[in-house]
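Here are the chains, one letter per residue:
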Amino acid sequence: MLAYDLQLFADGPGGEKTEQATPKKLRDARREGQVAKSKELGLCVGLLSAFVLMKIWIGTLGTQFMSLFSAVYNRIPEFTGLVAGDVSIWNTMYLLREVMIQILIFLLPFLGVSLIFGFLIELYQVKWRPTTKPLKPKFSKMDPLKGAKKFFSLNSLIELLKAILKIVIIWTVVYSTLKKEQGSLLILYEMPLEQAIALAGGIVIDLGIKISLVYAVLAIVDYFYQKWKFRKDMMMSKQEVKDEYKQSEGDPKIKGKIRQRMMQASQRRMMQDLPKADVVITNPTHFAVAIKYDADLYDAPYVVAKGCDHLAAKIKEVAKENRVEIVENKPLARMLYHNVEIGGVIPPELYKAVADILVFVYKLKGKI
């Protein structure tokens, strides 16, 4: 016979992860910045929106670039010092800086649209629940062993395959587009400047839209993959679910002991108040309910103590020791036990039945 330990075959702490993540674990993961999202989707939508806007405004954009080119070209001698015969590198750098600022102003609307759409896609994926925990430095991130494990993990391999696939897609789209437009590109230098710029700009924008659309397919696939991967990573073992329940709700054994002690304390108080009761109404063996009427406290009689079976016998025993009258009324005892809590006032529909018993008891004791 061979001795073996089944825990050696367990998948992680607590066994195989077969249970869906609990809401608490998902909330904790969210606070730590762990969410299911695809970086590719936001980048793809941002690029596509920018190129589509360029396609719409290509005429205005071309006119602006031509105006900028003419203005800069005519002022080159002035800025570079050719007019004064003093060519200065600082003047040339100043001219280039002005050109870059103007180009940035032209492109600012497209960059803004790209950022807005990219932000909206990110917001759609993760909702608006900002957290700063991912920004906090962690010593574990500097562990070279963990870094090496991540580098050679399955996730790293998938990311590498995605990067290779993106390169292949972009290269294929660029090659096929340029091959299709090679006839126009070969005569580009023979065209007037405005026509050449318009042709080159149109090719670049169409190429960007094609790359973005093809890239969108990859981004959508990656989005669903990230959702599936996140659910898989968040799965829990049965033991983890039990441990979480104990942490959030408390250990059932401890809660049971607390309830037991509270019940014992309540019964002790009940037995201490029992001698003050006017009457104990019984079933006669299964239920016992002690009633008292105090006009200064309540407008109606209230329940001092109640119990069933063994506790009912104990109530009757204490009642006899303290000379509290015991009256048998099976239906009334049952209704009082099930409908009125200890310290609670009896309901109006039972007033007459309880009043008749109290009158009977008061007559026995000579109170009336």
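The structure under discussion appears in the preceding block.
Residues numbered from 1 in each chain as written. Predicted model: local features only at pLDDT ≥ 70, side-chain atom pairs only at ≥ 80, totals over all residues. Heavy atoms only, no water.

A.B. asks: When you look at unusual backbone geometry in this model, what are you seeing that I'm missing?
C.D. replies: Leave glycine aside and you will find that most residues have negative phi; peptide bonds, for their part, are mostly trans. At Asp309, a position not held by glycine, the phi torsion is positive, near 55 degrees. Looking at the element boundaries, Asp309 is found in the loop between strand E5 (302-308) and helix H11 (310-321). The phi dihedral of Arg323 is positive, around 60 degrees, even though this residue is not glycine. Among the structural elements, Arg323 can be located in the loop between H11 and strand E6 (325-328). (Helix = DSSP H or I, 4+ residues; strand = E, 2+ residues; numbered from the N terminus.)

A.B. asks: Would you take a moment to explain the environment of Ala29 for this structure?
C.D. replies: When you line up the elements, Ala29 lands in helix H1 (residues 23-31). Between the C-alpha atom of Ala29 and that of Met234, which follows or precedes it by 205 residues, the distance is 8.5 Å. Leaving out residues up to four positions away in the same chain, Ala29 has contacts with Gln34 and Met234. (Contact = heavy atoms within 4.5 Å.)

A.B. asks: Looking at this structure, how should I read the pattern of salt bridges?
C.D. replies: A pair can form between side chains of opposite charge whenever their charged atoms are brought close. Tallying each qualifying case throughout the model produces 8 salt bridges. The residue Glu341 makes a salt bridge to Lys306 at a minimum N-O spacing of 3.9 Å. A residue pair is termed long-range when its members are at least 10 positions apart, and Glu341 in the loop between helix H12 (330-339) and helix H13 (351-364) and Lys306 in strand E5 qualify at 35 residues. Among the salt bridges present, the one from Lys352 reaches Asp356, with a minimum N-O distance of 3.2 Å. Of the two residues, Lys352 and Asp356 are both situated in helix H13; the distance of 4 residues between them amounts to about one turn of the helix. (Salt bridge = Lys/Arg side-chain N within 4 Å of Asp/Glu carboxyl O.)

A.B. asks: Help me understand a nonpolar patch on the surface in this model?
C.D. replies: Residues Leu154, Leu157, Leu160, Leu161, Ile164 and Val168 make up a contiguous nonpolar surface patch of roughly 570 Å² in combined accessible area. You can see Leu154 is positioned in helix H6 (residues 154-180). (Patch = residues over 30% accessible without salt bridge, like charges linked within 9 Å, V, L, I, M, F, W, Y side chains within 5 Å. Areas by Shrake-Rupley, 256 points an atom, 1.4 Å probe, with all protein chains shown as cover.)

A.B. asks: So what exactly am I meant to see when it comes to the side chain of Glu40 here?
C.D. replies: The topology assignment puts Glu40 in helix H2 (residues 39-56). Engagement of the side chain of Glu40 in a polar contact is seen with the side chain of Lys166, the distance being 3.2 Å. A polar contact of 2.2 Å, which involves the side chain of Glu40, links it to the side chain of Tyr215. Those residues within four positions of Glu40 in sequence are excluded, and the remaining contacts are Lys162, Lys166, Tyr215, Ala219 and Asp222. (Polar contact = N/O pair within 3.5 Å; in protein donor to acceptor, adjacent residues only side chain to side chain.)

A.B. asks: I'm lost on H2 in this one. Help?
C.D. replies: Each turn of an α-helix holds 3.6 residues, which means side chains three or four residues apart point in the same direction. The terminal C-alpha atoms of H2, which comprises 18 residues, lie 27 Å apart, in line with the 26 Å expected from a rise of 1.5 Å per residue. Buried residues of H2: Glu40, Leu41, Gly42, Cys44, Gly46, Ser49, Ala50, Phe51, Leu53 and Met54, and no others. (Expected span 1.5 Å × (residues − 1). Buried < 20%, exposed > 50% of the residue type's maximum accessible area, 1.4 Å probe, protein only.)

A.B. asks: Looking at this model, I keep getting lost on the pairing of strand E3 (residues 279-282). Mind explaining?
C.D. replies: Along any regular strand the residues' side chains alternate between the sheet's two faces. Of the two faces of E3, both are covered, the one formed by Val279 and Ile281 as well as the one formed by Val280 and Thr282. The hairpin formed by E3 and strand E4 (residues 287-292) contains 4 residues between the paired strands. For E3 and E6, the ladder comprises 4 bridges, and the chain directions are parallel. If you follow Thr282 over to E6, its bridge partner there is Glu328. (Pairing = 2+ DSSP bridges.)

A.B. asks: Sorry if this is basic, but what is going on with the sheet that holds E4 here?
C.D. replies: Strand pairing in a sheet takes place through backbone hydrogen bonds and is either antiparallel or parallel in direction. Taken in spatial order, the 4 strands of this open sheet run E5-E4-E3-E6, and their pairing is mixed. On the outer flanks of this sheet lie E5 and E6, each paired with one strand and no other. Put simply, the sheet's adjacent strands are angled 20 degrees from each other on average, direction ignored. Together, E3, E4, E5 and E6 form the strand contacts of H11, whose direction differs from that of E5 by roughly 130 degrees. H12 contacts E3, E4, E5 and E6 of the sheet and is inclined by roughly 80 degrees relative to E4. (Axes fitted to C-alpha atoms, helices over the stretch in contact; angles between N-to-C directions.)

A.B. asks: Please clarify how the nonpolar core should be interpreted in this entry.
C.D. replies: When a protein is soluble and globular, its nonpolar side chains tend to lie buried together. Formed by 19 residues in total, the largest nonpolar core has its most connected members in Val279, Ile281, Ile291, Leu332, Leu336 and Ile357. Of all elements in the fold, only E3, E4, H12 and H13 reach the threshold of two or more residues within this core. Of all the elements, H13 adds the most residues to this core, at 5 residues. If we skip the residues at most four places from it in the chain, Ile281 touches Phe287, Ala288, Val289, Ile291, Val327, Asn329, Leu332, Ala333, Leu336 and Ile357. Formed by 16 residues, the second largest nonpolar core is a distinct cluster that contains Ala290, Tyr302, Ala319 and Val324. (Core = buried A, V, L, I, M, F, W, Y, C linked by side-chain atoms within 4.5 Å.)

A.B. asks: Teacher, can you tell me more about the packing of aromatic side chains here?
C.D. replies: Geometry of an aromatic ring pair is reported as the spacing of the ring centres plus the angle between the planes. Taken as a whole and assessed by the stated rule, the structure comprises 5 aromatic pairs. Both rings, one in Trp171 and one in Tyr175, keep their centres 5.3 Å apart while their planes meet at 5 degrees; by these two values the pair is stacked. You can see Trp171 and its partner Tyr175 sitting in helix H6, 4 residues apart, about one turn around the helix. A relative accessible area of 46% means that Tyr175 is categorised as partly exposed. Centroid distance Phe287 to Tyr337: 4.8 Å. Interplanar angle 40 degrees. Geometry classified as tilted. With Phe287 in strand E4 and Tyr337 in helix H12, this pair connects stretches of sequence that are 50 residues apart. For Lys306, the ring lying beneath its charged end belongs to Tyr337, and the centroid distance is 5.1 Å. (Phe/Tyr/Trp six-rings, centres within 6.5 Å; stacked < 30°, edge-to-face > 60°. Lys NZ or Arg CZ within 6 Å of the ring centre and 35° of its normal.)

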